[in-house]
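# Structure assessment
This is what each chain is made of:
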Amino acid sequence: MDTPTSSFRVMDSDSLAATPKAAERDAGICWASQSWDWGERRARKRKKYTWEDLNTLERKRRDILRRLELPFSRILTYYDGTCLMAFMKDWLGWLTVGIYVFVRMQVRLPWVPFRVYDFGDSDIGIIGGFLSFFLVLFVNQANGRMNEQYKCSMDCQRCMYDVAGIVDSLLPKSDAARIVRYMNAAHVAGYAGLSSTYSKANFFDELDSRLGLLTPNERDRVESLDMDSGGDCFREIVMWAMRLVTRAQDTGHVDARTAGTLRDKLLKFRDSMDSLYDYADQPVPFYYIHFLSVLSTLYLPLFAVSLGYSAGMGDGMGGGLHWTADVISGLIVLVQSIFVIGLRLLGQQMIDPYGDDEEDLSVLTYVREGWETSNRILASRLPDQDEDDPVP
């Protein structure tokens, strides 16, 4: 059988090292590359997922998506996948609440200097206003990035469906099925190289064994590429499909215009998947996230101290102490902490929507729908015309 892998040549490490660009890299920044690779390996080592883990995570994600249409009272009863769950795991929230409790206990001591209570009159609200503005801006930017990446994932599926519809009506069934199979293999391989959550071992190989994405010869070619390190693997599989389109044009199965349409669809598929790699390579600047983290860490304890002293100082300090002031002020501190911490964590989770968070995008659903729908298009058949139907 004619395989598209015969014309591809793999550059080994010696060939790569012989290039001027590689020599310059080795001479100048080799240490940085080694450090990054070591850190990347450590990150992948920390996150080991099995096929069963990915399916469990996917079921949780789909369940969370279905909660959006629930009544307001039902939504409040959930804990997993909510801001409360994220807040309970963040040490800054506990520190803020602990500081407020400590301040409210302190005001009941007789030896506290009078000037300490002036902290309750500090204008901490100005800092809170600026912090809220930057947090909302950060979440809005992260949400925009996530929506754009979701559109890229949907564009990949649409290109697969378009190609499946064209090749099914024009090409021999074997060639049409092969092109669709390559697109599904590239679809899965693209996500495997995009995130450490989805790897070749726990994602691509599992789907390949269940769906038959590649033949043994094709699998050998894929083994020569490091699927987990980037998008080289999915790009090459796309080129296999491109070569089949060229062969179909040479044999006369499609004309030049249809072949151009198929190439445009394949290139759009590759461009959409490459866009996901672009987003992963350049996230929100770390300076911005660090800036918000520093402001949050300084603002929330100061807010707790200010509100703690503003809630009442006792009979000797111009006011009375009552438990209702403690409870109401404590609730205000808690709400403010949930607001600040929740927005920061929400933005950080949306930056990488192809990770292991329960709120990330449903990658398994996308690849399964892509496989099932594209093959369903290939299996479509024109019904026989009834005798009483008019002949066009």
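Provided above is the structure to which this section pertains.
Throughout what follows, the structure given in this document is the object of discussion.

You can see arginine 376 is positioned in helix H16 (residues 363-378). Distance from arginine 376 to alanine 164, taken between C-alpha atoms, is 9.2 Å for residues 212 residues apart in sequence.

Here we take up the packing of aromatic side chains. Going through the model one piece at a time under the given rule, you end up with 9 aromatic pairs. Pairwise contacts between aromatic rings join Phe133, Phe134 and Phe291 into one cluster. The ring of tyrosine 277 has arginine 235 lying over it, and the distance from NZ or CZ to the ring centre is 5.7 Å.

Right, let's talk about the packing of helix H8 (residues 125-170) against helix H9 (residues 173-194) for a bit. Two quantities define a packed helix pair, namely the angle between the axes and the distance from one axis to the other. In the contact formed by H8 and H9, the axes pass within 9 Å of each other and the chain directions differ by 170 degrees. Taken together, the axes of H8 and H9 lie roughly antiparallel to each other. Side by side, H8 and H9 meet where Ser153, Cys156, Gln157, Cys159, Met160, Val163, Ala164, Val167 and Asp168 of the first sit next to Lys173, Ala176, Ile179, Val180, Met183, Asn184, His187 and Tyr191 of the second. For the contact of H8 with H9, the class distribution of residues is 11 nonpolar, 4 polar and 2 charged.

Another aspect to go through is the pattern of salt bridges. Scanning the entire structure with this criterion turns up 20 salt bridges. Aspartate 326 is the salt-bridge partner of arginine 104, the closest N and O atoms lying 2.6 Å from each other. Separated by 222 residues along the polypeptide, arginine 104 in helix H7 (residues 91-106) and aspartate 326 in helix H15 (residues 323-351) bring together distant segments of the chain. For the pair shown, arginine 104 and aspartate 326 are each scored as buried. In this structure, a network of salt bridges that share partners links the residues Glu58, Arg61 and Asp360.

Reading guide: rules and limits
- Residues numbered from 1 in each chain as written.
- Predicted model: local features only at pLDDT ≥ 70, side-chain atom pairs only at ≥ 80, totals over all residues.
- Heavy atoms only, no water.
- Helix = DSSP H or I, 4+ residues; strand = E, 2+ residues; numbered from the N terminus.
- Phe/Tyr/Trp six-rings, centres within 6.5 Å; stacked < 30°, edge-to-face > 60°.
- Lys NZ or Arg CZ within 6 Å of the ring centre and 35° of its normal.
- Axes fitted to C-alpha atoms, helices over the stretch in contact; angles between N-to-C directions.
- Parallel < 35°, antiparallel > 145°, perpendicular 65-115°, else oblique.
- Contact = heavy atoms within 4.5 Å.
- Nonpolar A, V, L, I, M, F, W, Y, C, P; charged D, E, K, R; others polar.
- Salt bridge = Lys/Arg side-chain N within 4 Å of Asp/Glu carboxyl O.
- Buried < 20%, exposed > 50% of the residue type's maximum accessible area, 1.4 Å probe, protein only.

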